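# What the coordinates show
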Amino acid sequence: MSRVMAVTFEEHGQLHYLDPGDRAYAVGDWVLYPTPDGDVVARCVWAPTEATAAYEGLPTCPGPATAADLA
């Protein structure tokens, strides 16, 4: 079974799904979302949870956002 988390780029924005990898994230954490133009800062709105096979193949979260990313 895979794991999935949801992030958004703005409050009440569209949800984007990521594979959290081996890391643990909580709702409200600032994380990075991979795009073809580089990583973008997003906020976790749905903590990692076990998911069905339908969520396999999602991009993996590069990691938490740093203070430099948030600036």
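A brief structural summary. Source: prediction; values computed, not measured. (Residues numbered from 1 in each chain as written. Predicted model: local features only at pLDDT ≥ 70, side-chain atom pairs only at ≥ 80, totals over all residues. Heavy atoms only, no water.)

## A closer look at the packing of aromatic side chains
Inclusion rule: We call Phe, Tyr and Trp rings a pair once their centres come within 6.5 Å, taking the six-membered ring for Trp, and we label the pair stacked below 30 degrees between planes, edge-to-face above 60, and tilted otherwise. By definition, any uninterrupted DSSP run of H or I lasting at least four residues is a helix, any uninterrupted run of E lasting at least two residues is a strand, and each is numbered from the N terminus. Burial classification: accessible surface area is computed with a 1.4 Å probe over protein chains only, and a residue below 20% of its type maximum counts as buried, one above 50% as exposed, and the rest as partly exposed.
What the rule picks out here adds up to three aromatic pairs. Look at Phe-9 and Tyr-33: their rings are 5.4 Å apart centre to centre, the planes differ by 85°, and that puts the pair in the edge-to-face class. Pair noted here: Phe-9 is in the loop between β1 (2-8) and β2 (16-18) and Tyr-33 is in strand β3 (residues 30-33), with a separation of 24 residues, a long-range link. Taking the relative accessible area as the measure of exposure, Tyr-33 reaches 15% and is therefore buried.

## Re a nonpolar patch on the surface
Where we set the bar: Patch definition: residues above 30% relative accessible area lacking any salt bridge, with like charges linked at up to 9 Å and the nonpolar side chains Val, Leu, Ile, Met, Phe, Trp and Tyr linked at up to 5 Å. The Shrake-Rupley method, run with a 1.4 Å probe sphere, supplies the accessible areas, and residue values consider only the shown protein chains as cover. Think of a salt bridge as a Lys or Arg side-chain nitrogen and an Asp or Glu carboxyl oxygen that are within 4 Å of each other.
Where nonpolar side chains cluster on the molecular surface, the patch consists of Leu-15, Val-45 and Trp-46 and spans about 230 Å² of accessible area. You can see Leu-15 is positioned in the loop between β1 and β2.

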